[in-house]
Amino acid sequence: DPGRRRIEIAPNGQQWEAVGMEFEFVSEPVIELLMPDIAPDVGGLVHEMMGRNLDGGSQYRCRFSESVVDATFDTSAGSVLCVSPAGLRGRVGVAVSLNGQQFSKTGASASLDVFDVDVEELHVDDGQGGVAATFQ
């Protein structure tokens, strides 16, 4: 069950003593929707992950195949945001971590297709506080 538990030790295996620390159990995060589910091979695209058990994290990370990047939790949407790294190829599994260590399982809803972009053709416009990419 999710929640905090006191840590106790028993030096003799019989009498337990509190050590003044707690351990927190959290439910495993599940990605149910990844938007967008495509990414350019040059990276730099913001992805939003929606699903279950995404809140309550302390150190959000996203993993694209073997590449791990920092992420943020959007409290108003209840989703995780991260930017795809450069160098991805083909179909890539995506996972999220709430503590920077253990990652969610990847599945059909947690993968994206990477497409090739000629860097000279990439245009990024940050007009209204958001980033929009146009591929020609």
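Everything here concerns the structure above.
All of the points below concern the structure found in this document. This structure is a prediction, so every number in the text was calculated from the model and none was measured. (Residues numbered from 1 in each chain as written. Predicted model: local features only at pLDDT ≥ 70, side-chain atom pairs only at ≥ 80, totals over all residues. Heavy atoms only, no water.)

### Thoughts on the pairing of strand 6 (residues 61-64)
If a strand is regular, its side chains alternate between the two faces of the sheet. Across the two faces of strand 6 the burial differs, with Cys62 and Phe64 buried and Arg61 and Arg63 not buried at all. Note that strand 6 and strand 7 (residues 67-74) share four bridges and pair antiparallel. Across the sheet, Arg63 pairs through a bridge with Val68, a residue of strand 7. Where strand 6 folds back on strand 7, the antiparallel hairpin that results is connected by two residues, among which Ser65 adopts a positive phi of roughly 60°. In this sheet, strand 9 (residues 91-97) lies alongside strand 6 in antiparallel orientation, the contact comprising four bridges. If you follow Arg61 over to strand 9, its bridge partner there is Ser97. (Buried < 20%, exposed > 50% of the residue type's maximum accessible area, 1.4 Å probe, protein only. Helix = DSSP H or I, 4+ residues; strand = E, 2+ residues; numbered from the N terminus. Pairing = 2+ DSSP bridges.)

### Focus: the side chain of Asp41
Summarising the element assignment, Asp41 is placed in the loop between strand 4 (38-40) and strand 5 (46-52). Those residues within four positions of Asp41 in sequence are excluded, and the remaining contacts are Ala86, Gly87, Leu88, Arg89, Val114, Phe115, Asp116 and Val117. (Contact = heavy atoms within 4.5 Å.)

### With respect to the nonpolar core
Counting 20 residues, the largest nonpolar core has Met49, Cys62, Phe64, Val80, Cys82 and Leu112 as its most contacted members. For this core, the secondary structure elements donating two or more residues are strand 3 (30-35), strand 6, strand 7, strand 8 (79-83), strand 9 and strand 10 (111-115). At three residues, the largest contribution of residues to this core is made by strand 9. (Core = buried A, V, L, I, M, F, W, Y, C linked by side-chain atoms within 4.5 Å.)

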